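So you can see what is in the structure, the chains are spelled out below.
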Amino acid sequence: MSIEHDKAVLREALDNFFVTRPLGEDHEPIPVARIALTCTLYFKNAHLPEVQHNVCECVRDFVSLIGEETKFCITADTSRCTLAKKRKLRIMDESMLHKIQEKGNKQLVEFLVASHDSMDEFNTMPPKFSLMTKLQIGMDDDTEDTIPLDKKVSYFSAVFAPSFFLLDKQPLTFTDLVLKWCNALRPLSGAAGWGVSQPSEEWRFLYAESLCAQELIQYPGLDKPLRPLLRDDSQPFEKHIASINWLTILCDELVERVGGVESLRSLGKEYPLARYDGGYIIQAGPKPELGNREYGEIPQYYGKVHDLLRPLYPPLEGLDDLVVSVYDFDPHTLELNEHSKEEAKRRRHDFLKTWLNRYSPDVETPPLFRDAGPREDDDEDYDEDEDEE
């Protein structure tokens, strides 16, 4: 066998590592996530022209890098789904954002570009490549919108097929690209490394969001980037972090809250620091790790960063949105299993405490997620119904 053949086989394995669940009437395995390299950044001041220019530059970076994989977009101004094979994609740019602001009818601008080759892929498959950004560019007229515009937190999240950086030579390494984007966006916080890509279509995403829980528990180094759906979903990350990963991004203010840069340096030589305009990137070890709790493989480099940054996580009651994927959902109803409110709260808090110790090898994560296969009593229930008829 040739080296090229071996490389093709490896590429297929890397880029098509799906998390599947037996769903639907026939219980066929359906992809709910794809393992990928991800980068998620939270930043402010998206209403300013210079920040909008930098966001658009990062978007152009992404489109240029993935080249022919740029096959689909949801436009920023009209929210229209477009396939490249049918018409030219309208990639978000500065003039588009300027016109949206002039009209004043959109306070939150959303843009997606991805590798979906068809609407069916968009509706059902986690993409190999995607970039989603949500920009807070205006104030709502309603009285509930009380957050000043310069305090509103925007979101930028990119997904790459693993082989893109692990097998192929690119103009920039993954770490160099993350640093470039950090210098451009000056993020408050962020994380980059192994993560999951989930379906782009919003309803399918909501359906699939909680169904990769078993893998998130089993592989501690696997992150599920938070995808904000409502206007203020990103707001907690003005003062807190969402998670840590191989690369963890902290603004200067957050660094000071954990003891300053000297505290980061105290992690040791295995944790290189990269300075960006406004903060630091902590690299946990020489390469991204998944770990495997089943075999006692815990990413120890990650654990040390996690322990140092514990004060930066939201309060326990504020962690719900961060770890929604590891709750005890019944996949037949997509509802929490029936408990009293007090019992449900206790279970959530118990799990959240455990979640905050997920990099400790002696901690057993509670098996809160029910198997997504058919219930054992499904056939019996069906037979009893038949008999009653």
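Per chain, the residues get numbers from 1 upward, laid out in the order the sequence is written. With the structure being a predicted model, the display of local features is reserved for residues of pLDDT at least 70 and the display and counting of side-chain atom pairs for 80 or more, all residues being used for whole-chain, interface and lining totals. Each side-chain value is derived from all of the structure's non-hydrogen atoms; neither hydrogens nor water enter the calculation.

What about helix α2 (residues 49-66)?
Along its 18 residues, α2 runs 26 Å from first to last C-alpha, staying within 8% of the 26 Å computed at 1.5 Å per residue. We call a residue buried when its accessible area falls under 20% of the maximum for its residue type, exposed when it is over 50%, and partly exposed in between, using a 1.4 Å probe and counting protein chains only. Each helix corresponds to a stretch of at least 4 residues labelled H or I by DSSP, and each strand to a stretch of at least 2 residues labelled E; elements are numbered beginning at the N terminus. Buried within α2 are the following residues: Val51, Gln52, Val55, Cys56, Cys58, Val59, Asp61, Phe62, Leu65 and Ile66. Looking one or two residues past α2, Gly67 carries a phi angle of roughly 55°, positive in sign. Take the number of residues in a helix, subtract one, and multiply by 1.5 Å to get its expected span.

Focus: the packing of aromatic side chains
Ring pairs (aromatic) are described by centroid distance and by the angle formed between their planes. Ring geometry is summarised as follows: Phe, Tyr and Trp rings, the Trp one being its six-membered ring, pair when their centres sit within 6.5 Å, and such pairs are stacked at plane angles under 30 degrees, edge-to-face over 60 and tilted between the two. Counted according to the given criterion, the structure contains 14 aromatic pairs. Through successive ring pairs, a cluster of aromatic residues spans Phe62, Phe129, Phe156, Phe160, Phe164, Phe165, Phe174 and Trp181. Across from the ring centre of Tyr280, 4.7 Å away, lies the NZ or CZ of Arg275, which sits over that ring. In this analysis the charged atom, NZ for Lys or CZ for Arg, is taken to sit over a ring once it is within 6 Å of the ring centre and within 35 degrees of the ring normal.

Quick notes on the confidence of the model for the protein
Scored by pLDDT, the protein comes out at a mean of 85, with 85% of its residues at no less than 70. Scored below 50 in pLDDT, residues 328-336 makes 31 contacts in the model with residues more than four places away or belonging to other chains. In predicted models, pLDDT denotes the confidence assigned by the predictor to each residue on a 0 to 100 scale. Note on contacts: a residue pair is in contact if any heavy atoms of the two residues lie within 4.5 Å. Per-residue pLDDT stays below 50 along residues 368-389; that stretch engages in 32 contacts with residues further than four places along the chain or on separate chains.

Brief notes about unusual backbone geometry
Glycine aside, the phi torsion of most residues is negative, and most peptide linkages are trans. The phi dihedral of Asn45 is positive, around 70°, even though this residue is not glycine. Secondary-structure assignment places Asn45 in the loop between β2 (28-44) and α2. Of note in this structure, Ser79 is not a glycine but carries a positive phi near 55°.

Some thoughts on the side chain of Glu215
With respect to the secondary-structure elements, Glu215 resides in helix α8 (residues 213-218). We classify Glu215 as buried; its relative accessible area is 16%. In this view, Glu215 contacts Val19, Arg21 and Leu222; residues no more than four positions away in its chain are not counted.

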